Amino acid sequence: MRKKKDSPISNRRQAPLLFRVSMLSVLALTAVMPTQSFAAEKGVAGFSPEKAEWQLSFEKNFTELVSKESIARFSKEMSVRPGVVGTPGNAANVAFAVEELKKAGLQPEVKTYDVYMSVPKKIAVTQTYPQKRELSVMENLPKGTPFANEVIPGYNAYSAAGEVEAEIVYANYGRPEDFAELEKRGISVKDKIVITRYGANFRGVKPEQAEKRGAIGMLIYSDPADDGYTKGIVYPEGPWRPADAIQRGSILYIFRYPGDPLTPGEASVPATKRLDPSEAVSLPQIPTTPLSYGEARPLLEAMEGEDAPASWQGGLPFTYKIGPGATKVKISLDIEYKNQPVNDVIVQIPGAKHPEQTVVIGAHRDTWAYGTGDNTSGWTTTMEIARVLGEMVKKGWQPDRTIVLAGWDGEEYGLLGSVEWAEEHRKELTQNAVAYINMDGTGGQFFGASAVPSFKQLIYDVTKEVTEPRSGTSIYDDWYVREGRKDPTIGKLGSGSDYTPFIQHLGVPSMDMGFGVAGGLYHSAYDNLDLMERFIDPGYEHQAAGSELVGITALRLANADALPFQYSAYAAEVASMLEEIAAKDTLGVDLSVAITETRKWQAKAKELEEAATKLIADGVTDAERAQLDKMNAAMMQQERDLIVSDGLPSRPWYKHQIWAPGLTTGYAAQPLPAIAEAIAAKDAKALQQAADRLVGVLKKATETASAAR
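Reading the values: the criteria
Counting starts from 1 at the beginning of each chain's written sequence and moves along it residue by residue. For a predicted model such as this one, the threshold for reporting local features is a pLDDT of at least 70, and the threshold for listing and counting side-chain atom pairs is 80 or more; totals across whole chains, interfaces and linings nevertheless cover every residue. As a convention, hydrogens and water are excluded, and side-chain values are obtained from all of the structure's heavy atoms. Only DSSP runs of H or I covering at least 4 residues are called helices, and only runs of E covering at least 2 are called strands; the numbering of each starts at the N terminus. Atoms counted for the radius of gyration: C-alpha only. Globule rule: 2.2 Å times the number of residues to the power 0.38. The cut-offs for exposure are 20% and 50% of the maximum accessible area for each residue type, with area from a 1.4 Å probe on protein chains only; residues under the lower value are buried, those over the upper are exposed, and the others partly exposed. Ring geometry is summarised as follows: Phe, Tyr and Trp rings, the Trp one being its six-membered ring, pair when their centres sit within 6.5 Å, and such pairs are stacked at plane angles under 30 degrees, edge-to-face over 60 and tilted between the two. Contacts are residue-level and defined by heavy atoms, with any inter-residue pair within 4.5 Å sufficient. For our purposes a nonpolar core is just a set of buried Ala, Val, Leu, Ile, Met, Phe, Trp, Tyr and Cys residues, chained together by side-chain atoms within 4.5 Å. Salt bridges are defined as contacts in which a side-chain nitrogen from Lys or Arg sits within 4 Å of a carboxyl oxygen from Asp or Glu. By the criterion used throughout, a crossover qualifies as right-handed when its path from the first strand across the helix to the second strand runs clockwise, the strands pointing away from the viewer. Simply put, an axis is a line fit to the C-alpha atoms, just over the touching stretch for a helix, and the angle between two N-to-C directions goes from 0 to 180 degrees. In this scheme, roughly parallel covers angles under 35 degrees and roughly antiparallel covers those over 145, while 65 to 115 is roughly perpendicular and the rest are oblique. Polar here means any residue other than Ala, Val, Leu, Ile, Met, Phe, Trp, Tyr, Cys and Pro, which are nonpolar, and Asp, Glu, Lys and Arg, which are charged; Gly is therefore polar. Paired strands, in this sense, are two strands between which DSSP finds at least two bridges. It is the directions from the helix axis to the C-beta atoms whose arc is reported. Residues adjacent in sequence count toward polar contacts only when both atoms are side-chain atoms; beyond that, a polar contact is any pair of N or O atoms within 3.5 Å, and within protein one must be able to donate a hydrogen and the other to accept it. Take the far helix as your reference; a near helix turned counterclockwise from it by less than a right angle gives a left-handed crossing, and one turned clockwise gives a right-handed crossing. For every residue, the predictor reports its confidence as pLDDT, a number between 0 and 100.

*Asks:* Is there a simple way to explain the overall build of the protein in this structure?
*Replies:* Counting secondary structure elements, the protein contains 22 helices and 14 strands. The C-alpha atoms of the protein give 26 Å as radius of gyration, which agrees with the globular expectation for 709 residues (27 Å, within 12%). Once the C-alpha set of the protein is aligned to its principal axes, its extents read approximately 85 × 65 × 55 Å. The burial tally for the protein puts 60% of its 709 residues in the buried class.

Now the structure itself:
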């Protein structure tokens, strides 16, 4: 818990009701607070000194109301049943969340979309040579495991249905370079079943690469070298993957576009025209299914052919072969495709001064099995923030801007709930969303964050305000030490979680924050309450810290006089990336114009940031309010300026010119994607077009920053 000194209301040049509370509410909220002033000791970026007093007071009040016991209760209740999208367990968790949010005095809405998705009926994998053997597609859950009959088998969502039988070829991680190595060795995967291990790229990239080369099916297994016994003690004695644990997961080609495969770019509502499934380029075409390493072992052990390269050798106790030969497999997937409901839970804390402007906090609430870590932890953290804000609303408090809290459904299948909601609310989000904050995993012990560069300093500032439960220092200090006593790295936003539609489709500034811990039970039936309470986040200390951290971040964005964005830092990072590219082979294309324009943006953004800071230095008068509103509008607009309506040439759903997931990584970010793809294709014309388009968006951002002063 943060310990801060506080202050009563001080004299003002004017007396705006900053949080629109009655005097009784003010007294109720400040009665428990120390009265020693701390405003002189500490500023808060984006706040006048006077308003900073109020902000820090309410942040303190917020954090003191966060309850580990409340989070633990939410976690226990929502970990009882598997929560796969479209199942009874998922529906039960919706009902529980709605009831709890209502108890907090809030008015939750359940927003439903009917989305085209796959439903496993029967998943079977058989080794047919050199011996016949049925492979298990389910963990050996202990007797008495609640709702064990609702745990779905190991399965890859959106896999093609059907039955295929063939020899297998081992292709390491299924990356383009792995298939290139096979080709170099003269080994074809045409008409074969490819077996790859999980890791190194998004699982959906693997079958796409195999499909391009003529493979008829794919098996993806978890190798112990990546997350099993070579890493540490396996479950139930430790947090690593045992021999029977299966990594479920979607293989929807989200790097093409996420969300409903049949309604790209439009919300999946009754009036929307839908594609025929044969037209949907995000749908995989070959049967693909996962295995545990215990079941993959006999397949790999019986293989013949060349020894796999040293870097392809995994953790199983034999020499891996490439094949083909000796091992033959039949994959039988009875998978039904149909529209099913996706249920988002949405609650709003209305703003008093700018109710149309929104700060959106989101976490997916669907799981693959029990999913206590992924992502019941993120959803319990969101619910706790909502509960605490509800308590403060009861006392008469309102933020300046509206705070929206969302529990997304169907994230595990392909970001379904968040994409459909963002597409439906495109107009108001584009006009009025200040920021999106994502939480995909707050059960853990080590903080990490990814964000657009304009949020870097805000994240540093807020992490200095919350205690790290392991060390007793601030989260920032712990993070700083872990990263070698330097400013911690903030990652780049790729894809694979619910920030994707906000930043990469709509241009809403976004960040993703959470806690992680070493372990290997991702997407298995062993991601459960026992794992959480013994190994991942004992005592729910870090989920409580996550509630404080994200709550404070949202409060600063909701209540700031001047929005605390630093586009000068953003521009500097873009310039650095461009300079790095320009130092290599650019196919004869000159990137200097883009670099020059980025530096112009950096200068104008810096001028705007300094002007806003100066404007609020002594408080904001009524006469200055219009100018400040104009500056804040420019802060919101600069991210939108980096969007192009017709999107990237290779995938028009992705509209951001700075950030997209890599086409062959799927999760990891590909900065300056159009430029990177053109260079990879050695296409000078496409590279020149990408550079010209980038210059265009950079000029817009520069003009926006200039015009607001």
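What follows continues from the structure just given.
*Asks:* Which parts of the structure should I look at to understand the packing of aromatic side chains?
*Replies:* The relation between two aromatic rings is expressed through the spacing of the ring centres and the mutual angle of the planes. Taken as a whole and judged by the stated rule, the model has 33 aromatic pairs. Arranged with centres 6.3 Å apart and planes meeting at 45°, the rings of Trp 421 and Phe 502 form a pair that is tilted. Taken as a pair, Trp 421 in helix H11 (residues 416-424) and Phe 502 in helix H15 (residues 500-506) lie far apart in primary sequence, 81 residues in all. Of the two residues, Trp 421 and Phe 502, both sit in the buried class. Residues Tyr 567 and Tyr 570 carry aromatic rings whose centres are separated by 5.7 Å and whose planes lie at 15° to one another, so their mutual orientation is stacked. Here Tyr 570 and Tyr 567 lie together in helix H18 (residues 567-582), a separation of three residues that amounts to about one turn. We note that Tyr 567, like Tyr 570, is buried.

*Asks:* Please explain the environment of Leu 531 as it appears in this structure.
*Replies:* The residue Leu 531 is located in helix H16 (residues 529-536) in this model. A sequence separation of 294 residues divides Leu 531 from Glu 237, and the C-alpha atoms of the two residues are 9.8 Å apart. Residues within four places of Leu 531 in sequence aside, it is in contact with Tyr 235, Pro 239, Leu 521, Tyr 526 and Ile 536.

*Asks:* Please explain the nonpolar core as it appears in this structure.
*Replies:* Nonpolar side chains in soluble globular proteins generally cluster together in the buried interior. Leu 300, Tyr 413, Phe 455, Ile 459, Leu 557 and Trp 601 are the most contacted members of the largest nonpolar core, which totals 202 residues. Those residues in contact with Leu 557, other than ones at most four positions away along the chain, are Val 359, Arg 401, Val 434, Ala 435, Ile 437, Phe 455, Leu 458, Met 511, Leu 563, Pro 564 and Phe 565. Of all hydrophobic cores here, the second largest spans five residues; its members include Phe 47, Ala 52, Leu 56 and Ala 560.

*Asks:* Help me out: how do you make sense of the pattern of salt bridges in this one?
*Replies:* For side chains bearing opposite charge, pairing can occur when the charged atoms are close. Tallied over the full model, the rule gives 42 salt bridges. Notably, a salt bridge pairs Asp 478 with Arg 470, separated by 2.5 Å at the nearest N-O pair. Here the salt bridges share partners, and the residues they tie into one network are Lys 51, Lys 353, Asp 400 and Asp 561.

*Asks:* It is not clear to me how the pairing of strand S11 (residues 401-408) should be interpreted in this structure. Could you clarify?
*Replies:* Every other side chain in a regular strand lies on the same face of the sheet, so the side chains alternate between the two faces. With eight of eight residues buried, S11 is to be regarded as a mostly interior element. In this region the chain leaves strand S10 (residues 354-364), passes through helix H9 (residues 372-394) and returns to the parallel neighbour S11; the handedness of that crossover is right-handed.

*Asks:* Looking at this structure, I do not really get the packing of helix H4 (residues 88-103) against H9. What am I missing?
*Replies:* In a pair of packed helices, the angle between the axes and the distance between the axes together describe the arrangement. For the pair H4 and H9, the least separation of the axes is 9 Å and the interaxial angle reads 25°. As summarised for this structure, H4 and H9 are arranged roughly parallel, according to the angle between their axes. Here H4 contributes Phe 96, Ala 97, Glu 100, Leu 101 and Lys 103 to the contact with H9, which in turn contributes Trp 379, Met 383, Ala 386 and Lys 394. Residues of the contact of H4 with H9, tallied by class, amount to six nonpolar, no polar and three charged.

*Asks:* In this structure, what is going on with the pairing of strand S1 (residues 109-129)? I would like to understand it.
*Replies:* Across 19 bridges, the pairing between S1 and strand S9 (residues 328-349) is antiparallel. Within S9, the residue paired with Tyr 113 across the bridge is Val 342. Inspection of the sheet shows S1 paired to strand S2 (residues 133-135) by three bridges, in the antiparallel sense. The residue of S2 that forms the bridge with Thr 126 is Glu 134.

*Asks:* In this structure, what is going on with H16? I would like to understand it.
*Replies:* Of all the residues in H16, the buried ones are Leu 531, Met 532, Phe 535 and Ile 536. Down the axis of H16, the sector holding all buried residues measures 110°, keeping them to one side. If you follow the buried residues of H16, they end up packed against H9 and helix H17 (541-559). Where H16 begins, the side chain of Asn 528 points an oxygen toward the backbone nitrogen of Asp 530, at a separation of 3.3 Å.

*Asks:* I tried to follow the packing of helix H2 (residues 49-65) against H17 on my own but got confused; where do I start?
*Replies:* Axis separation between H2 and H17 bottoms out at 10 Å; the angle between their running directions is 150°. What the angle tells us is that H2 and H17 run roughly antiparallel. Seen along the crossing, H2 lies across H17 with a hand that is right-handed. Along its contact with H2, which presents Lys 51, Gln 55, Leu 56, Glu 59, Phe 62 and Thr 63, the element H17 presents Ser 547, Glu 548, Gly 551, Ile 552, Leu 555, Arg 556 and Asn 559.

*Asks:* Just to check I follow, could you spell out unusual backbone geometry for this structure?
*Replies:* Leaving glycine aside, a negative phi is the common case for residues, and trans is the common case for peptide bonds. That bond from Gly 323 to Pro 324 is cis: its omega, -5°, falls within 30 degrees of zero. Its location among the elements puts Pro 324 in the loop between helix H8 (293-301) and S9. Look at Asn 172: it is not a glycine, yet its phi comes out positive at around 55°. With respect to the helices and strands, the residue Asn 172 is situated in the loop between strand S4 (162-170) and helix H5 (176-184). Classification of Asn 172 by relative accessible area gives buried; the value is 1%. Its identity is not glycine, yet Tyr 540 carries a phi of approximately 60°, on the positive side. Mapped onto the elements, Tyr 540 comes out in the loop between H16 and H17. Exposure remark for Tyr 540: the relative accessible area of 3% places this residue in the buried category.

*Asks:* Quick question: what am I supposed to make of the environment of Glu 208 here?
*Replies:* Among the secondary structure elements, Glu 208 is positioned in helix H6 (residues 205-212). According to the relative accessible area criterion, Glu 208 is buried, its value standing at 6%. With near-sequence residues (within four places) excluded, Glu 208 lies in contact with Tyr 253, Phe 255, Arg 256 and Leu 663.

*Asks:* Even after reading the chapter, I still don't get the confidence of the model for the protein, so can you show me in this structure?
*Replies:* In low-pLDDT segments, the atomic positions of the prediction should not be examined closely. Per-chain confidence: the protein averages 93 in pLDDT, with 94% of residues scoring 70 or above. Predicted confidence is poor over residues 1-40, with pLDDT under 50, and the contacts of this stretch with residues over four places away or in other chains come to 88 contacts.

*Asks:* Got a minute to help me understand H11 in this structure?
*Replies:* An α-helical segment advances 3.6 residues per turn. Residues three or four places apart therefore align on the same side. A large share of H11 lies buried, amounting to eight of its nine residues. Among the residues of H11, those classed as buried are Leu 416, Gly 417, Ser 418, Val 419, Glu 420, Trp 421, Ala 422 and Glu 423. Residues of H11 that are buried make contact with S1, S9, S11, helix H10 (411-414), helix H12 (426-432) and H15.

*Asks:* Looking at this structure, how should I read the side chain of His 656?
*Replies:* Looking at where His 656 falls in the secondary structure, it is placed in the loop between helix H20 (622-641) and helix H21 (673-680). In terms of polar contacts, His 656 uses its side chain to reach the side chain of Glu 639, at 2.7 Å. Reaching out from His 656, the side chain makes a polar contact with the backbone nitrogen of Trp 659 at a distance of 3.5 Å. Once residues within four sequence positions are removed from consideration, His 656 is found in contact with Ile 503, Gln 504, Tyr 570, Glu 639, Leu 642, Ile 643, Leu 648 and Pro 673.

*Asks:* Quick question: what am I supposed to make of the environment of Lys 212 here?
*Replies:* If you trace the backbone, Lys 212 turns up in helix H6. Sequence separation between Lys 212 and Val 189 is 23 residues, and the spatial gap between their C-alpha atoms is 9.9 Å.

*Asks:* Any chance you could explain the side chain of Thr 288 here in plain terms?
*Replies:* Examined against the element boundaries, Thr 288 turns out to sit in strand S8 (residues 288-291). There is a polar contact of 3.1 Å between the side chain of Thr 288 and the backbone oxygen of Ile 286. In contact with Thr 288, not counting residues within four places along its chain, are Asn 156, Ser 159, Pro 207, Met 218, Ile 220, Ile 251 and Leu 333.

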